[in-house]
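Listed below are the residues making up each chain.
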Amino acid sequence: MVLPFISVLLYVISFPIVYLDFSLWPLMLIALVPFFMELERNHSLLRKFLAGAVWGCIASLCMGYWLFYAMIWQYGTSIITGVIFMIAGLMIPHGFVYGIFAVLYDFMKGTKLSRRFPPVFYVIVVPSLWVVTEFLRELIPLLVPWGFAGYALQPWNLFMQMADITGIYGVSFLVVMINGLMAFLLREIGFRDIKQGALNALNTTWLKNFYRRNRFPLALLALALIIPLCYGAVRRQYVVKSLAAGGGRVPVIIVQPNFTQEERWSGDDFIERVNVCLGLAGRCSAKNGREEVPSAESGDEGVNPAGHRQTGGGEIERNTIVVWPETVLNSEGLVDRKLLAHIFSSTKDARLIAAGGVRRDIDRSGVYNTAYLVSRGDSVMFYDKNILLPFAETAPGGSFIGDFFTAPAEFLKGGTPPAARTDAGTIGLSICFEALYGWHVRRSVSDGARCLINISNDGWFGRSSEPVLHLRQASVRAIETRRYLIRAANNGISAIISPAGKAVVRSGLFTKECLHGEIVLLESKTPYAILGDWIVYAAAALLLGMLIVALVRD
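Residues numbered from 1 in each chain as written. Predicted model: local features only at pLDDT ≥ 70, side-chain atom pairs only at ≥ 80, totals over all residues. Heavy atoms only, no water.

1. Topic: the overall build of the protein
In terms of regular secondary structure, the protein is built from 20 helices and 13 strands. Counting only residues that meet the buried cut, the protein has 57% of its 554 residues in that class. Looking at the protein as shown, the accessible area adds up to about 22,800 Å², and 62% of this sits on carbon and sulfur atoms. (Helix = DSSP H or I, 4+ residues; strand = E, 2+ residues; numbered from the N terminus. Buried < 20%, exposed > 50% of the residue type's maximum accessible area, 1.4 Å probe, protein only. Areas by Shrake-Rupley, 256 points an atom, 1.4 Å probe, with all protein chains shown as cover.)

2. Here we look at a negative patch on the surface
Together, Glu-262, Glu-263, Asp-268, Asp-269 and Glu-272 line one region of the surface with negative charge. The residue Asp-268 is located in the loop between helix H13 (261-265) and helix H14 (270-283) in this model. Residue classification places Asp-268 among the partly exposed positions, given a relative accessible area of 48%. (Patch = residues over 30% accessible without salt bridge, like charges linked within 9 Å, V, L, I, M, F, W, Y side chains within 5 Å. Salt bridge = Lys/Arg side-chain N within 4 Å of Asp/Glu carboxyl O. Lys, Arg positive; Asp, Glu negative; His and termini not counted. Charge placed at Lys NZ, Arg CZ, Asp CG, Glu CD.)

3. Some points on the packing of helix H1 (residues 3-12) against helix H2 (residues 33-40)
Running from amino to carboxyl end, H1 crosses H2 at an angle of 160 degrees, the nearest separation of the two axes being 7 Å. Comparing the axis directions of H1 and H2 gives the class roughly antiparallel. Viewed along their axes, H1 and H2 form a crossing whose handedness is left-handed. Together, Leu-3, Pro-4, Ile-6, Ser-7 and Leu-10 of H1 and Pro-34, Phe-35, Met-37 and Glu-38 of H2 make up the contact between the two elements. The residue inventory of the contact of H1 with H2, partitioned by class, reads 7 nonpolar, 1 polar and 1 charged. (Axes fitted to C-alpha atoms, helices over the stretch in contact; angles between N-to-C directions. Parallel < 35°, antiparallel > 145°, perpendicular 65-115°, else oblique. Left-handed = near helix turned anticlockwise from the far one by under 90°. Contact = heavy atoms within 4.5 Å. Nonpolar A, V, L, I, M, F, W, Y, C, P; charged D, E, K, R; others polar.)

4. Observations concerning the pattern of salt bridges
All chains considered together, the criterion is met by 12 salt bridges. Across the salt bridge formed by Asp-164 and Arg-235, the nearest N and O atoms sit 2.7 Å from each other. One end of the pair, Asp-164, is in helix H9 (residues 163-189); the other, Arg-235, is in helix H12 (residues 215-245), and 71 residues separate them in sequence.

5. Focus: the layout of surface pockets
Within this model, the largest pocket holds a volume of roughly 330 Å³. If you go around the largest pocket, you meet 15 residues; those closest to its centre are Pro-141, Ile-387, Leu-388, Pro-390 and Lys-413. Class assignment of the residues belonging to the lining of the largest pocket gives a composition of 11 nonpolar, 2 polar and 2 charged. Forming the boundary of the second largest pocket are 14 residues, of which Tyr-238, Ser-242, Arg-482, Leu-522 and Ser-524 lie nearest the centre. With 5 residues, H12 is the largest single contributor of residues to the lining of the second largest pocket. In the lining of the second largest pocket, the residues fall into 6 nonpolar, 3 polar and 5 charged. (1 Å grid on protein atoms, 1.4 Å probe; cavity = no way out; pocket = protein on both sides within 12 Å on 5 of 7 lines; lining within 4 Å. Points joined across faces, edges and corners; volume = space filled by probe spheres on them.)

6. Some remarks on the side chain of Ser-507
Inspection of the secondary structure puts Ser-507 in the loop between strand E12 (503-506) and strand E13 (513-520). At 2.6 Å, the side chain of Ser-507 and the side chain of Gln-256 are in polar contact. (Polar contact = N/O pair within 3.5 Å; in protein donor to acceptor, adjacent residues only side chain to side chain.)

7. Quick look at the environment of Arg-487
Within the fold, Arg-487 resides in strand E10 (residues 485-489). Between the C-alpha atoms of Arg-487 and Leu-452, which are 35 residues apart in sequence, the distance is 8.3 Å. Once you skip the residues sitting within four places of it in the chain, Arg-487 turns out to touch Ile-254, Asn-454, Ser-456, Asp-458, His-470, Leu-471, Ala-474, Ile-493, Ser-494 and Ala-495. In terms of polar contacts, Arg-487 uses its side chain to reach the side chain of Asn-454, at 3.2 Å. Only 3.0 Å separates the side chain of Arg-487 from the side chain of His-470, close enough to count as a polar contact.

8. A short note on the nonpolar core
Membership of the largest hydrophobic core comes to 120 residues, with the highest contact counts inside it found for Trp-130 and Ile-519. Ranked by the residues each element gives to this core, the list is headed by H9, at 14 residues. Among all residues touching Trp-130, those that are not within four sequence positions of it are Tyr-11, Leu-32, Phe-35, Trp-55, Tyr-98, Phe-101, Ala-149 and Val-176. Counting 26 residues, the second-largest nonpolar core is a separate cluster that includes Leu-329, Val-335, Leu-340 and Ala-350. (Core = buried A, V, L, I, M, F, W, Y, C linked by side-chain atoms within 4.5 Å.)

9. Let's talk about unusual backbone geometry
Among all residues except glycine, the phi angle is most often negative; among peptide bonds, the trans geometry is most common. Cis geometry marks the peptide bond from Gly-492 to Ile-493; its omega dihedral reads 10 degrees. Turning to its location among the elements, Ile-493 is positioned in the loop between E10 and strand E11 (495-497). A positive phi angle, near 55 degrees, is found at Cys-432, a position not held by glycine. With respect to the helices and strands, Cys-432 occurs in the loop between strand E8 (425-431) and helix H17 (438-446). The phi dihedral of Phe-510 is positive, around 60 degrees, even though this residue is not glycine. Its location among the elements puts Phe-510 in the loop between E12 and E13. According to the relative accessible area criterion, Phe-510 is partly exposed, its value standing at 26%.

10. A few points about the sheet that holds E12
Overall, mixed pairing links the 6 strands, which are arranged E7-E8-E9-E10-E11-E12 in an open sheet. At either margin of the open sheet sits one strand with a lone partner, and together these are strand E7 (419-422) and E12. Sheet twist, expressed as the mean angle between neighbouring strand axes with direction ignored, is 20 degrees. Docked against the sheet, helix H18 (residues 466-481) engages strand E9 (451-456), E10, E11 and E12, running at close to 160 degrees with respect to E10. (Pairing = 2+ DSSP bridges.)

11. Description of the confidence of the model for the protein
Mean pLDDT over the protein works out to 86, with 88% of the residues at or above the 70 mark. Confidence over residues 295-315 falls short of pLDDT 50; this stretch has 34 contacts with residues more than four positions distant or in other chains. (pLDDT = per-residue confidence, 0-100.)

Quick look at the structure:
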């Protein structure tokens, strides 16, 4: 059972595996081929389930290894506890899900439709089964939609533009279709004759015969690459021109204070942390895209992307949106209207301040993970996080991994709408991992959001792949909805993402700095914003129909 291990290796290195924003993303176009080849072999159903389970267990471990870091070095749990958590909370659930995928792969391949038209199985059935499996990871409470196949191609910006029609599931569908067609062509060659086939590739007669036998799947393979790229080129150019021609640019400042987790939750120096954020916002001049605040040891003045020295200063441009990261305002007894009014009045010419904090609900005897929205006239609104992170913000995590200083072991699930009508326009809000849920962000746009704000804190996971992956996946929401995404992360990576999915400006990781940029408040709605995850629904309907027909007729 070597092939699933090869597949996992290719899959994992298609994503960043360390804190550097680098990956071998083209490998995703062939990463699943060895896995499918293993499932093609004439093995028992149990062995195929085990092949899927092995694939799911190892993939989840490699894609989420940073959870172990957070448990050991942040929460201080024992290594044994960390190992148990990784096995029981991460590997086993994913292993079961992909084990079921392997069993259904075998079942669907045996239906009359798949036997009569083999290319259809690889072009439609396998991708449908894969995206439904990915969707299940949204529905299962202990899992999160992390590391989908489509996200690996985020650096291939032209290809990703199709997400405004299909969402991330459509990108995954095409990625798996390409892998399926590759597996089909290898099957046509014959797994045992791959070496001979490679030698025959220089033989004109062999190539002609192979082409004649496989014109249809070869054409589909070419179209699966060409059509998204052509659409992406046209669509991206249209978006860029529309933004250039549009007016009403709104200045934005993102504050990245780079507090350690202990500083944030130790309960000490809360007012000092507030003043640090106020100071960073004040330093960010409207003329500069980024200002990095030097550490005390360096003695440097900070360098902007163009390499010019900056000394801070400068006033915040009138009508600026200022965004602070997640749970900065985390002292329950001190966060009130008086403090929020002080923050707003101290941030000159700001039109809206969005800042993460906690909010206590006396009636429910708990706290929310909250985004406060403060605007002129002492207007205060809030958004309570709707989707809580398993094992960290819900009871299983609190009881299992223990407490971290004054951080709540469990948050209350919020019910506030993700779109807030503010003095600066209607804003779509998400907190941390909520940005992974396309339907949640889409809901805010459906409710009128003209830009998106995501506040986060990825410092728990150290210098791992998590911060880079989180930013990459969150940026897809900007393409899906064609909205600017303002992302403020406590330790980085903060950024302003354009509706084309490109970073207008971005911060470093574990740096104290502020970012300045401009956005445009947009109103048009994409097909994805209107129709949602229609790819998943169509895939599920197809599989259900095939299953019913197979049970009745086969």
